[in-house]
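Here is what each chain is made of, one letter per residue.
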Amino acid sequence: MALEGVYSGTWSDSYYIMSHAMLQDSEGNQIAIAKTDTDVVYITATFYATYTPSGFGTNGIYPKPDNNYLVRWLLTGSTDGYVRFSRFPLEYSSDLSTKYHGSKSYIFSNGTGNTTTYQYDLPVITFLDSECNNRLVKHLGVAGVGAFTFPNHEVFPPYQVNQIIIGEGDGETQEFNIKAPLIQAGTARVYLDGEELTEGTDFVVDYENNCGDWYENYHTAALTCRDAGVTFGDLASKTPSSSYDYRDPLAWWNCYDRSVYPSSCTVNDVNPIIIDFGTEKSCNTLKIDILTVPSARLDTLKIQYSSNGVDWTDVSGLSRTGQVWKFTEISARYWRVFLSGEGNATVVITSSSITGSPITLSIPVASSDTASIVADKIKTAIENNANITAVYDVSVSGADVILTAKAPAANVSNLNIAISNGTCAGLTTVSTSTNTTAGVAPVKQQENIYVTGTIGTAGNAAVVVTAAGMANSPITLSVPVSSGDSAATVASKVNAALAQNSDITDFFTISPDNGRYVRLTAKVAADNDPTMNISIANGTCTGLTAIPTSTVDAAGNVGTKQVETATVSGSISYNWTYNLYYQNLPTRDGQSYGSTFFLGKTVPGLKFTAPPPAGAAITASFALEYPFKTSNNLLRFTYSVQLQRG
């Protein structure tokens, strides 16, 4: 059945194709069927349409098959009722249905059709002077039909801007706003009081400058957290929210997906924000909007770049105004951002043995410092404090900070090492350190004998002193005594004899006369000597009671140095809770998106070698090869649908 006399129309949600046709047999001969009240005639038809993507220039883009509204229109009557444009490169025009930065509705049925030429002309759609201003146009069209791609000099020849007023010199300023964010390379001409200057000698122009600080011109505005080169903290591992349409923090359009985006993620030095642009991009500005960065950490934000994604360098010349960070322009492929935990760790040393106790130390620490690195820095700080080191030695073992008393002494019960985050972040607070080894005071060994008896027959008493480590031990002394000497007198004579022996006096301190006692105290504290002894007996005299073994007054003890240990735990890192947004989105540059993170470049665009003289009029001419929608530049679009029988 050949289709002839085609007429189409729509009614409600149905679409009709009305036609007359010739019925033919299998050989192509015309036949007729007589319809009676007892015969049922079934008529079916198959409609074929061939779609040829064309009409939007040599670099135009077209919809994916399942989003082709020309085919839908032919089959169902459905139409795409919006003209849109996008700032970002797109692969398919159907991407304009979400990734657009300007749109205007139109009524498809308001077009004009010609049944002779089978052409349907759509009305001209105009973006007025108050609509979608200060936006670049890289694609323009209808998502379900097709779109122009710029630059396309056949469709949009470079638009020449002549003698635009830039400003007036003041004798000091070198940089001026060039008035256009994206200029055709090599077309800039600059004039001072009407006299043309030489580019490269008198001035330079940044042809991709984002002079107006427009959000869409930041490099990250074209990306999403789902892109292969992007890691946004731990967002990818978070459970998506099934309740709200949380927006992508990078994408400068309405980008959301309940199967992807959580309500928040965590950003830190382990899971930073990493951007791989694929190629080098010049950046000098980071802006964080909507999201409130914790005020205490605003000045610890790290912006780093890399040529290989492994070795990172901090940007230079970093300054901040509010939540906008400026730095020296640098070109790099890889970038990363996080809030550093850097600052000063606080360590408090307490001991009744230390002058000025408690002593508080502020110890500078850097982002990503491990526990062992922090421990080393604490050690260095303690070593530099004379009051502490006068009493204690400091050492480290891994993440342990150890104070050891310089000399054995009784345990100091209030000795403590406390560690906390001062202005840094990431450390686990240690309030109480561990008394690893209790201090024990040293004890000098002491022995005594209690002389007993009265001398009957005069002669010599025999005294023997024994001690490990004493020269010539054991030493025997013959002490002359007289008949009738009391025990106290004998004790005094023994003390006098002991004092005359240099080996004994080098090793012992002899206690002063004290009645019948003879007492020796070791001059040096040492472990108890079980062989130490003072004995007395009758030698050639009589009357004394022999004392073969002395009495221990104090067992010797070398003492123990007190050891106190504090273990550093954690690392220098700040867990930044990065919130995503789904409602109450502010209007910025005339658009309401949920984007919060913007990394890119914004510069005035025109820089003179020397400041123009005061009062000098500065004008410029240049060409634009991308349409730039402003209040002075209207944007008009129309298209036609051409049908062909075949």
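Please read these numbers as outputs of a predicted model, since none were measured by experiment. Per chain, the residues get numbers from 1 upward, laid out in the order the sequence is written. For a predicted model such as this one, the threshold for reporting local features is a pLDDT of at least 70, and the threshold for listing and counting side-chain atom pairs is 80 or more; totals across whole chains, interfaces and linings nevertheless cover every residue. Here the side-chain values reflect all heavy atoms present in the structure, with hydrogen atoms and water set aside.

J.: What exactly am I supposed to notice about the pairing of strand 31 (residues 475-481) here?
T.: Taken residue by residue, a regular strand's side chains alternate between the two faces of the sheet. Accessible area is worked out with a 1.4 Å probe on protein chains only. A residue is then buried under 20% of its type maximum, exposed over 50%, and partly exposed in between. Helical segments are the DSSP runs of H or I of at least four residues, strand segments are the runs of E of at least two, and each set is numbered from the N terminus. Residues Ile 475, Leu 477, Val 479 and Val 481 point to one face of strand 31 and are all buried, whereas Thr 476, Ser 478 and Pro 480, pointing to the other face, are not buried. At least two bridges found by DSSP between two strands are what make those strands a pair. Relative to strand 31, strand 30 (residues 459-466) is paired through seven bridges, and the arrangement is antiparallel. Bridge pairing in strand 31 links Ala 462 to Ser 478.

J.: What's the story with the pattern of salt bridges in this structure? I'm lost.
T.: Opposite charge on two side chains allows them to pair when their charged atoms are near. Definition used for salt bridges: Asp or Glu carboxyl oxygen within 4 Å of a side-chain nitrogen of Lys or Arg. Applying the stated criterion to the full structure yields 18 salt bridges. Salt-bridge contacts for Arg 226 lead to Asp 257; the nearest nitrogen and oxygen are separated by 3.4 Å. Note that Arg 226 is positioned in the loop between strand 15 (203-205) and strand 16 (230-232) and Asp 257 in the loop between strand 16 and strand 17 (264-267), a separation of 31 residues in sequence. Looking at Asp 257, the relative accessible area reads 25%, which means it is partly exposed.

J.: Any chance you could explain the sheet that holds strand 34 (residues 533-538) here in plain terms?
T.: Whether parallel or antiparallel, the strands of a sheet pair through hydrogen bonds between backbone atoms. Spatially, the three strands line up as an open sheet ordered 31-30-34, and their pairing is antiparallel. Each having just a single partner strand, strand 31 and strand 34 make up the two edges of the open sheet. Between one strand and the next, the sheet's axes are offset by a mean angle of 20°, whatever the strand orientation. Judged from the six bridges that link them, strand 30 and strand 34 form a sheet pairing that is antiparallel. Among the inter-strand pairings, Ala 462 is bridged to a residue of strand 34, identified as Ala 537. Throughout, a contact is declared for two residues whenever any of their heavy atoms are within 4.5 Å. To define axes, lines are fitted to C-alpha atoms, for helices over the stretch in contact only, and angles between the resulting N-to-C directions are given on a 0 to 180 degree scale. Seen against the sheet, helix 4 (residues 487-499) touches strand 30, strand 31 and strand 34 and runs at an angle of roughly 135° to strand 31.

J.: I'm lost on the sheet that holds strand 25 (residues 392-397) in this one. Help?
T.: Ordered in space as 25-26-36-28, the four strands form an open sheet in which the pairing is antiparallel. Only two strands of the sheet have a single neighbouring strand rather than two, namely strand 25 and strand 28 (434-437). Strand-to-strand twist of the sheet, defined as the mean angle between neighbouring strand axes without regard to direction, takes the value 30°. Pairing of strand 25 with strand 26 (residues 400-405), which is carried by six bridges, proceeds in the antiparallel orientation. Across the sheet, residue Asp 393 finds its bridge partner in strand 26, namely Thr 404.

J.: Help me out: how do you make sense of the pairing of strand 29 (residues 446-450) in this one?
T.: Bridging between strand 29 and strand 33 (residues 517-522) involves five bridges; their strand directions are antiparallel. Paired with Glu 447 across the bridge in strand 33 is Leu 520. As judged from the three bridges shared by strand 29 and strand 35 (residues 551-554), these two strands associate in the antiparallel manner. Counted as the bridge partner of Glu 447 is Val 552 from strand 35.

J.: Would you explain the packing of aromatic side chains in this entry?
T.: Each aromatic ring pair is described using two quantities: the centre-to-centre distance and the angle formed by the ring planes. In this scheme Phe, Tyr and Trp rings, the latter by its six-membered ring, pair at centre separations within 6.5 Å, and the angle between planes marks the pair as stacked below 30 degrees, edge-to-face above 60, and tilted otherwise. In this structure the tally under the stated criterion is 30 aromatic pairs. The interplanar angle of 75° and the centroid separation of 5.1 Å between the aromatic rings of Tyr 246 and Tyr 582 together place this pair among those described as edge-to-face. Note that Tyr 246 is positioned in the loop between strand 16 and strand 17 and Tyr 582 in the loop between strand 37 (576-579) and strand 38 (597-600), a separation of 336 residues in sequence. The class for Tyr 246 is buried, based on a relative accessible area of 11%.

J.: Teacher, can you tell me more about helix 4 here?
T.: Side chains that are three or four residues apart share a direction in an α-helix, a result of its 3.6 residues per turn. For helix 4, with 13 residues, the first-to-last C-alpha span of 18 Å sits near the 18 Å given by 1.5 Å per residue. Residues of helix 4 that are buried include every one of Ala 487, Val 490, Ala 491, Val 494, Asn 495, Ala 497 and Leu 498, and no others. For helix 4, the angular spread of the buried residues around the axis is 165°, confining them to a single face. Looking at the buried residues of helix 4, the elements they touch are strand 30, strand 31, helix 5 (502-507), strand 32 (508-510), strand 33 and strand 34. To estimate how far a helix should extend, the number of its residues minus one is multiplied by 1.5 Å. For this quantity, the arc is that covered by the directions from the helix axis to the C-beta atoms.

J.: How should helix 2 (residues 371-383) be read in this particular structure?
T.: With 13 residues, helix 2 ought to run about 18 Å at 1.5 Å a step, and its terminal C-alpha atoms sit 18 Å apart, in line with that. All buried positions along helix 2 are accounted for by Ala 371, Val 374, Ala 375, Ile 378, Ala 381 and Ile 382. Seen from one end, helix 2 has its buried residues packed into an arc of 120°, which puts them on one side. Turning to helix 2, the residues buried within the fold contact strand 23 (343-350), strand 24 (359-365), helix 3 (386-389), strand 25, strand 26 and strand 27 (416-421).

J.: Help me understand the side chain of Ser 306 in this model?
T.: With respect to the helices and strands, the residue Ser 306 is situated in strand 19 (residues 301-306). Residue classification places Ser 306 among the buried positions, given a relative accessible area of 2%. Two N or O atoms form a polar contact when they lie within 3.5 Å of each other; inside protein one atom must be a possible hydrogen donor and the other a possible acceptor, and for residues adjacent in sequence the pair counts only when both atoms belong to side chains. At 2.9 Å, the side chain of Ser 306 and the side chain of Asn 308 are in polar contact. Of the polar contacts made by the side chain of Ser 306, one reaches the backbone oxygen of Asp 311; its length is 2.8 Å. Not counting residues within four places of it along the chain, the set of residues in contact with Ser 306 comprises Asp 311, Trp 312, Ala 332, Arg 333 and Tyr 334.

J.: Explain unusual backbone geometry to me, please; I cannot follow it from the model alone.
T.: For residues other than glycine, phi is negative in most cases, and the peptide bonds are mostly trans. A cis amide bond links Ser 357 with the next residue in sequence, Pro 358, at an omega value of -5°. For Pro 358, the position within the fold is in the loop between strand 23 and strand 24. That bond from Ser 473 to Pro 474 is cis: its omega, -5°, falls within 30 degrees of zero. Along the chain, Pro 474 falls in the loop between strand 30 and strand 31. Residue Asn 134 is not a glycine yet carries a positive backbone phi of 60°. The topology assignment puts Asn 134 in the loop between strand 7 (125-127) and strand 8 (135-136).

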